[in-house]
Amino acid sequence: MQLRTRALETILIEKGYVEQAAIDQLIETYEKKIGPRNGAQVVAKAWVDPKFRQWLFEDGTAAIGSLGFGGRSGNHLVALENTASVHNMVVCTLCSCYPWAVLGLPPLWYKSAPYRSRAVADPRGVLRDFGMELPKDTEIRIWDSTAELRYLVVPMRPAGTEGWSEGKLVELVTRDSMIGTGRPKHPGELP
Amino acid sequence: MSGQGHDHHDHEHSELSETQLRVRALETVLTEKGYVDPAALDLLIETYEKKVGPRNGARVVARAWIDPAYRARLLKDGTPAIAEIGYAGRPGEHIVALENTPKLHNMVVCTLCSCYPWPVLGLPPVWYKSAPYRSRAVADPRGVLADFGVTLPKDTEIRIWDSTSEMRYLVLPMRPAGTEGWSEEKLAELVTRDSMIGTALPKSPKDIAK
Amino acid sequence: MNGGQDLGGTHGHGPVKPEPNEPVFHDEWEKRACALTLAMSAPGGWNLDMVRFARENRPPREYLSMTYYQIWFAALERMTKERGLVSDDEIEAGHSLYPPKPVRRVLSPGDVAKTLHRGGPTERDTNTKPVFAVGDKVRAKNINPLTHTRLPRYVRGHVGTIERVVGCHVFPDSNAHGGGENPQWLYTVRFDGRELWGADSDATIKVSVDAWEPYLSPTT
């Protein structure tokens, strides 16, 4: 694969279809710059700021855009509210659609056949694979990203964080909790 | 396949050698433990390589073409009618004959695996067991027939029978024109395996005239 | 199970490619694998439904990339190992390392013709009556068992017509998993092509499956 990829890249650059520097820039962007930290900031703000929270659920794209996040795979963002009785989970059964703008590139498991096949049919089984068990009567809503809408789960704020700053709260928000396959960290879990 | 070159062929070859070795190993172990008798294995292989094959089904079809009473019995209850000619058994205990007419063409598939009327057709060909056939026969039979070079009139009804149980299906193709007075033996030569699955029509007299 | 084997209506597999003058077996090992499978069902103590499940029960990626007899052989290996008849280290070694287990029956050469001729009929006597009659409209249930079933996905939820009341037959969904034969009434059910494949599809197609009573609900 290495050889074939390098070969194609060389040819495309030689023919002037792509520029080396642009490719390097793209790689740098998604390896280092855009990642789940963006989404964590959105969630932390929603935890402290009721007006932002309301805006976020009414118009995800605009609210998230106000923090400077958007663009590719973030043009149509919908925030999903986890509550004591409803747990949200996001998948793309057909390929790997994912809210890049707020979470970066998706992890391998999200794009894999096991997740894509089972999330919509056996979400509790999938959650168990992540070591997570929900109460029997919690409603689980699975969102299959079949169009250009991208979904961001807003997990519930952990207990024992009263008075915490946004900056500190960001540390608790894990990527998996924003996909719906994990919980945010507890205060005790921070180093 | 052709673009992948040497690496792919080597990989495929070594994969097959591994299978070969494992099969031999398992056979040795099973034989040493007395679970299987090598002479029985050889006999099973001989049966399906040489003895049981589409010639059986061709005889059934040829008889149905010549003998209207037999045809009626065959269509009413395939299993005993086929047993009359001497073919029976595993699997094929429950055989249903499907009559092609000018308005209706029958095709048989097993989407879930490879169920096939062994006693009258022998072991199924690779294409019958393949993903292309199993996936497309039920959805695009005309496309499949095109892969076989067969085009049916636009208004012919096509019935596809998915062999999901132990019922086995044998298509009874229409008797070709220009065969009046032919013997059963000669008629049997026109009946191809694929015409009894439903992916082809029988040969015509000029096909065997040379 | 909704596995790789449930191929009806799936796309992307390309054209059907018949091989001219195809031999019955393509390799010596295929002959042995086939014969071993047939010969081991008696000593193995398993039934055909169990064998089918052993074949299909693997990741679809594997199922779709294995050849037919590779799948047969993989299932044979699995079943003989599961029943403690052989072990991995014996296969690696290429010969028996441990004493055999007692088995009920071994196929002798003298019995081959008779056994093949007798086959394995699946019809059973019953006191029950079939729920459906020829001409009845039925809906294939939306079942999605992880275990063995013979109701293909492409008909589930769709409405068809009873074409034939076949008889009372061994029920694979039970028989494959140690639930016994549990014979159920079996029907041939016919579906219009457009019911299955949509309003834009070929109007001249009809597809039938053989479905046991537990797969079907009445509908008008």
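Everything below is about the structure printed above this text.
K.L.:
What's the story with the overall build of chain A in this structure? I'm lost.
P.N.:
Each helix and strand in chain A was counted, giving 10 helices and four strands. Across chain A, helices and strands are ordered from the amino to the carboxyl terminus as α-α-α-α-α-β-β-α-α-α-β-β-α-α. Its C-alpha atoms give chain A principal-axis dimensions of roughly 55 × 35 × 35 Å. Sequence-distant contacts in chain A: of pairs separated by 6 or more residues, those separated by 24 or more amount to 66%.

K.L.:
Help me out: how do you make sense of the overall build of chain B in this one?
P.N.:
Broken down by element type, chain B carries 12 helices and four strands. Each principal axis of the C-alpha distribution contributes one length, and for chain B these read about 55 × 45 × 40 Å. The buried share among the 210 residues of chain B stands at 57%. Taking all contacts inside chain B whose residues are at least 6 apart in sequence as the whole, residues at least 24 apart take part in 67%. Positive and negative side-chain charges of chain B, numbering 26 and 28 respectively, have mean locations separated by a distance of 6 Å.

K.L.:
Explain the arrangement of the chains to me, please; I cannot follow it from the model alone.
P.N.:
Here chain A and chain B are not in contact; the least distance found between their C-alpha atoms is 12 Å. Considering only C-alpha positions, the minimal separation of the non-contacting chain A and chain C is 9 Å.

K.L.:
Could you clarify how one ought to interpret the side chain of A:Ser177 in this entry?
P.N.:
Residues and elements named next belong to chain A. Along the chain, Ser177 turns up in helix 10 (residues 175-179). At 2.6 Å, the side chain of Ser177 forms a polar contact with the backbone oxygen of Thr174. Beyond its immediate chain neighbours, meaning those up to four positions away, Ser177 contacts Val153, Pro155, Gly182, Arg183 and Pro184.

K.L.:
Can you help me understand unusual backbone geometry in this one?
P.N.:
Across the chain, the bulk of peptide bonds are trans and the bulk of non-glycine residues have phi less than zero. Residue and element names in this part refer to chain C. Phi is positive for Asn21, which is not a glycine, with a value near 50°. Tracing the chain through its elements places Asn21 in the segment before helix 1 (28-44). Of note in the backbone geometry, Asn182 takes a positive phi value of approximately 40° without being a glycine. Position of Asn182 among the secondary structure elements: in the loop between helix 7 (172-175) and strand 3 (184-192).

K.L.:
I would appreciate a short explanation of helix 3 (residues 54-66) of chain B in the present structure.
P.N.:
Every α-helix carries 3.6 residues per turn, so stepping three or four residues along brings you back to the same face. Taking 1.5 Å as the rise per residue, helix 3 of chain B with 13 residues should run 18 Å; its terminal C-alpha atoms sit 19 Å apart, in good agreement. Buried within helix 3 of chain B are the following residues: B:Asn56, B:Gly57, B:Ala58, B:Val60, B:Val61, B:Ala62, B:Ala64 and B:Trp65.

K.L.:
Explain the layout of surface pockets here, please?
P.N.:
Rolled over the atoms, a probe as big as a water molecule pinpoints where empty space is left. Of the volumes computed, that of the second largest pocket is approximately 1,300 Å³. Along the wall of the second largest pocket there are 31 residues; nearest its centre are A:Ser117, C:Asn2, C:Gly3, C:Pro60 and C:Arg153. Every element with two or more residues in the lining of the second largest pocket is listed here: helix 7 (113-118) of chain A together with helix 3 (60-65) of chain C. Here the lining of the second largest pocket gets five residues from one element, more than from any other, and that element is helix 7 of chain A. Split into classes, the residues belonging to the lining of the second largest pocket amount to 14 nonpolar, 10 polar and seven charged.

K.L.:
Explain the interface of chain B and chain C here, please?
P.N.:
In many reports, interface size means the accessible area that the parts give up when they come together. Taken together, the contact between chain B and chain C spans 74 residues of the former and 88 residues of the latter. Both faces considered, chain B and chain C share a buried interface measuring about 7,100 Å² in area, 62% of it formed by carbon and sulfur atoms. Counting the surface chain B buries against chain C, the share from its top three residues, B:Arg22, B:Tyr35 and B:Leu112, is 11%. Between the two partners, chain B and chain C, sit 10 salt bridges. The shortest N-O distance in the salt bridge between C:Lys31 and B:Glu49 comes to 3.3 Å. The tally of links from chain B across to chain C stands at 35 residue pairs in polar contact (both at pLDDT 80 or more). Listing elements by their share of the side of chain B that touches chain C, those giving two or more residues are helix 1 (5-32), helix 2 (38-51), strand 1 (94-99), helix 7 (126-129), helix 8 (131-136), helix 9 (141-147), strand 3 (157-162) and strand 4 (167-172) of chain B. The greatest single-element share of the side of chain B that touches chain C, amounting to 12 residues, is contributed by helix 1 of chain B. Considered class by class, the residues forming the side of chain B that touches chain C number 39 nonpolar, 14 polar and 21 charged.

K.L.:
Even after reading the chapter, I still don't get the packing of aromatic side chains, so can you show me in this structure?
P.N.:
The geometry of an aromatic ring pair is captured by the separation of the ring centres together with the interplanar angle, meaning the angle of the planes. Evaluated as defined, the whole model comprises 24 aromatic pairs over all chains. Centre to centre, the rings of B:Tyr48 and B:Trp118 are 5.1 Å apart; their planes meet at 75°, and the pair counts as edge-to-face. In this pair, B:Tyr48 is assigned in helix 2 and B:Trp118 in helix 6 (residues 118-121), connecting sequence segments 70 residues apart. When its relative accessible area of 7% is taken as the criterion, B:Trp118 is described as buried. Measuring from ring centre to ring centre gives 5.5 Å for C:Phe132 and C:Tyr187, while their planes differ by 70°; the resulting arrangement is edge-to-face. Linking C:Phe132 in the loop between helix 6 (109-118) and strand 1 (137-140) with C:Tyr187 in strand 3, this pair joins segments that are 55 residues apart in sequence. Each of the two residues, C:Phe132 as well as C:Tyr187, counts as buried.

Conventions used here
- Residues numbered from 1 in each chain as written.
- Chains lettered and ligands numbered in written order.
- Predicted model: local features only at pLDDT ≥ 70, side-chain atom pairs only at ≥ 80, totals over all residues.
- Heavy atoms only, no water.
- Helix = DSSP H or I, 4+ residues; strand = E, 2+ residues; numbered from the N terminus.
- Contact = heavy atoms within 4.5 Å.
- Buried < 20%, exposed > 50% of the residue type's maximum accessible area, 1.4 Å probe, protein only.
- Lys, Arg positive; Asp, Glu negative; His and termini not counted.
- Charge placed at Lys NZ, Arg CZ, Asp CG, Glu CD.
- Polar contact = N/O pair within 3.5 Å; in protein donor to acceptor, adjacent residues only side chain to side chain.
- Expected span 1.5 Å × (residues − 1).
- 1 Å grid on protein atoms, 1.4 Å probe; cavity = no way out; pocket = protein on both sides within 12 Å on 5 of 7 lines; lining within 4 Å.
- Points joined across faces, edges and corners; volume = space filled by probe spheres on them.
- Nonpolar A, V, L, I, M, F, W, Y, C, P; charged D, E, K, R; others polar.
- Buried area = accessible area lost by both parts, 1.4 Å probe.
- Salt bridge = Lys/Arg side-chain N within 4 Å of Asp/Glu carboxyl O.
- Phe/Tyr/Trp six-rings, centres within 6.5 Å; stacked < 30°, edge-to-face > 60°.

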